[in-house]
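Residue-level structural notes
One-letter residues, chain by chain:
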Amino acid sequence: MTPPAGSLLSAEQLRKAYGPTAALDGAEFSIHPGEVVAVMGPSGSGKSTLLHCLAGIVTPDSGTITYNGHELSAMSDSQRSALRRSDFGFVFQFGQLVPELTCVENVALPLRLNGGSRKEAERAALTWMERLEVDDLRKKRPSEVSGGQGQRVAVARSLVTNPRVLFADEPTGALDSLNGERVMELLTDAARSTNAAVVLVTHEARVAAYSDREVVVRDGKSRDMERAV
Amino acid sequence: MSIGHTLLGLLESGPRHGYDLKRAFDEKFGHDRPLHYGQVYSTMSRLLKNGLVVVDGVETGGGPERKRYAITDDGITDVQRWLATPEKPEPYLQSTLYTKVVLALLTHRDAADVLDTQRSEHLRSMRILTDRKRKGDLADQLICDHALFHLEADLRWLELTAARLDKLREAVAR
Ligand SMILES: Nc1ncnc2c1ncn2[C@@H]1O[C@H](COP(=O)(O)OP(=O)(O)OP(=O)(O)O)[C@@H](O)[C@H]1O
Ligand SMILES: [Mg+2]
């Protein structure tokens, strides 16, 4: 089995069981650079498990995941976590900012962890905070900003390393419509401008409407709606 | 949408020529489909016949004769009545979708297939609307949002229906 031509990240025949539960049961996936793909499907169908496997956070029981020509299962744990830090970005439903750090320190954190100097990291962080329209919050702590603002800070943090793939699991799940749409606009604009691929898990059609195509997961099996037609 | 009432409403702010009415309509309401001149003239002659507008002047020049229309008191009353009357909620799409889901279950097909296919079709429209919204002005955004929320409501309803009918089918089969 070879990944589809031109794909940046792809998965074939993924299986993952938690005890008797088959979270993934032959799921497939593929995404090109610059593409935004929505992963949809009912609760408990395996969307997050698929995302975690694709990002190398969870190891599938069987199946292959290929990123940029390299098979994830052939890498060591430390190679995989290095890849996550250098090439992947993450946004989750609740921003998951570090409460002790200011917003700009939060955004700069991935660069600091990659060994960047404080000054350089914070300068890059501010550029992204401007793009996400939250640069005025730089000195505040996460507890002092609203949910929508915090989520934009989290999006800035996920993009600060210029990831090739952005993984977003219900990034607007905790926001109202207006804030959710603003986050989606800014997120997809930013990703398109850097040609990053976006794996967007969502159950909301209005959020999925920001994608280029959708993959539906049901009972651990995936269905690529574009290729299915 | 009632073109007659919309054109009448546009006349309330002052008399206009037919071509001027078309331009105003297209600019404010014609994002989806601009009016044909034929529609404007047939609508205006109906409104004339019903006494809701009068011809307020005729411009004769080199080209075709151009009538200027003004709204009458009856016309204003008509607009008022239209605005005060709520629109009938349109259930026809729901009933078609419902029929499909039920039929899928009755014929032992996968109701989830109907859902996925319909979602895909709805999302196609929603992507176009979302794109237009991003590039448009505030009026575009509001019009697109209305359509988007409706399409989303269809999907949510269909999703819930499919999930419930699945349970119902199991219960009936037991
Ligand atoms: N760490 C885990 N331990 C045990 N079971 C798990 C674990 N993670 C997921 N599962 C199970 O695997 C299945 C798929 O879960 P997953 O989180 O991928 O669903 P999901 O599609 O993301 O759902 P939701 O929309 O509710 O977030 C579920 O039945 C879930 O209970
Ligand atoms: Mg999940």
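I will try to describe carefully the structure that is included in this document. (Residues numbered from 1 in each chain as written. Chains lettered and ligands numbered in written order. Predicted model: local features only at pLDDT ≥ 70, side-chain atom pairs only at ≥ 80, totals over all residues. Heavy atoms only, no water.)

Residue and element names in this part refer to chain A. In the neighbourhood of ligand 1, the contacting residues comprise Tyr18, Thr21, Ala23, Pro42, Ser43, Gly44, Ser45, Gly46, Lys47, Ser48 and Thr49. Within the side chain of Lys47, a nitrogen or oxygen atom sits 2.7 Å from an oxygen atom of ligand 1. Between ligand 1 and Ser48, the relevant distance is 2.8 Å, taken from an oxygen atom to a side-chain nitrogen or oxygen of the residue. When ligand 1 is considered free in solution it has 630 Å² of accessible area, and contact with the protein chains removes 56% of it. Those elements that provide at least two residues to the shell around ligand 1 are strand 2 (21-31) and helix 1 (47-54). If one sorts the elements of the shell around ligand 1 by residue count, helix 1 sits on top with three residues. Each residue belonging to the shell around ligand 1 can be placed in one class, and the counts come to three nonpolar, seven polar and one charged. (Near = heavy atom within 4 Å. Polar contact = N/O pair within 3.5 Å; in protein donor to acceptor, adjacent residues only side chain to side chain. Areas by Shrake-Rupley, 256 points an atom, 1.4 Å probe, with all protein chains shown as cover. Helix = DSSP H or I, 4+ residues; strand = E, 2+ residues; numbered from the N terminus. Nonpolar A, V, L, I, M, F, W, Y, C, P; charged D, E, K, R; others polar.)

On to the environment of Gly75 of chain B. Along the chain, the position of Gly75 of chain B falls in helix 4 (residues 73-84). For the pair formed by Gly75 of chain B and Val54 of chain B, sequence separation is 21 residues and the distance between their alpha carbons is 9.7 Å.

So, on to the pattern of salt bridges. Taken as a whole and judged by the stated rule, the model has 30 salt bridges over all chains. Salt-bridge contacts for Glu122 of chain A lead to Arg118 of chain A; the nearest nitrogen and oxygen are separated by 3.6 Å. With Glu122 of chain A and Arg118 of chain A both in helix 4 (residues 118-131) and four residues apart, this pair spans about one turn of that helix. On the basis of relative accessible area, Arg118 of chain A is assigned to the partly exposed category, the value being 45%. Glu214 of chain A is the salt-bridge partner of Arg127 of chain B, the closest N and O atoms lying 3.0 Å from each other. Pair noted here: Arg127 of chain B is in helix 6 (residues 111-135) and Glu214 of chain A is in strand 9 (residues 213-218), and the two residues belong to different chains. Since its relative accessible area comes to 3%, Glu214 of chain A is described here as buried. Overlapping salt bridges, with partners in common, bring together Glu181 and Arg206 of chain A together with Lys133, Asp145 and Glu152 of chain B in one network. (Salt bridge = Lys/Arg side-chain N within 4 Å of Asp/Glu carboxyl O. Buried < 20%, exposed > 50% of the residue type's maximum accessible area, 1.4 Å probe, protein only.)

Residues and elements named next belong to chain A. Among the nonpolar cores identified, the biggest contains 36 residues, and Val107, Trp128, Met129, Leu132, Val155 and Val198 are the most heavily contacted of them. Those elements that provide at least two residues to this core are helix 3 (103-113), helix 4, helix 5 (147-159), strand 7 (165-169), helix 6 (177-193) and strand 8 (197-201). The biggest single contributor to this core is helix 6, with six residues. Two domains each donate at least three residues to this core, and these are domain 1 (1-87 + 165-172 + 194-229) and domain 2 (94-162). Those residues in contact with Trp128 that sit more than four places away from it in its chain are Ala156, Leu159, Val160, Asn162, Ala190 and Thr194. Ranked by size, the runner-up nonpolar core spans 30 residues in total, among them Ala27, Leu51, Phe90 and Val217. (Core = buried A, V, L, I, M, F, W, Y, C linked by side-chain atoms within 4.5 Å. Domains from an automatic or database assignment. Contact = heavy atoms within 4.5 Å.)

Time to look at helix 2 (residues 77-87) of chain A. All names here are of chain A. Within the sequence span of helix 2, burial applies to Arg80, Leu83 and Asp87. One side of helix 2 carries all its buried residues, which in axial view fall inside an arc of 60 degrees. Across from the buried face of helix 2, at angles greater than 90 degrees, the exposed residues are Asp77 and Ser78. Buried residues belonging to helix 2 abut strand 4 (62-67), strand 6 (88-91) and strand 7. (Arc of directions from axis to C-beta.)

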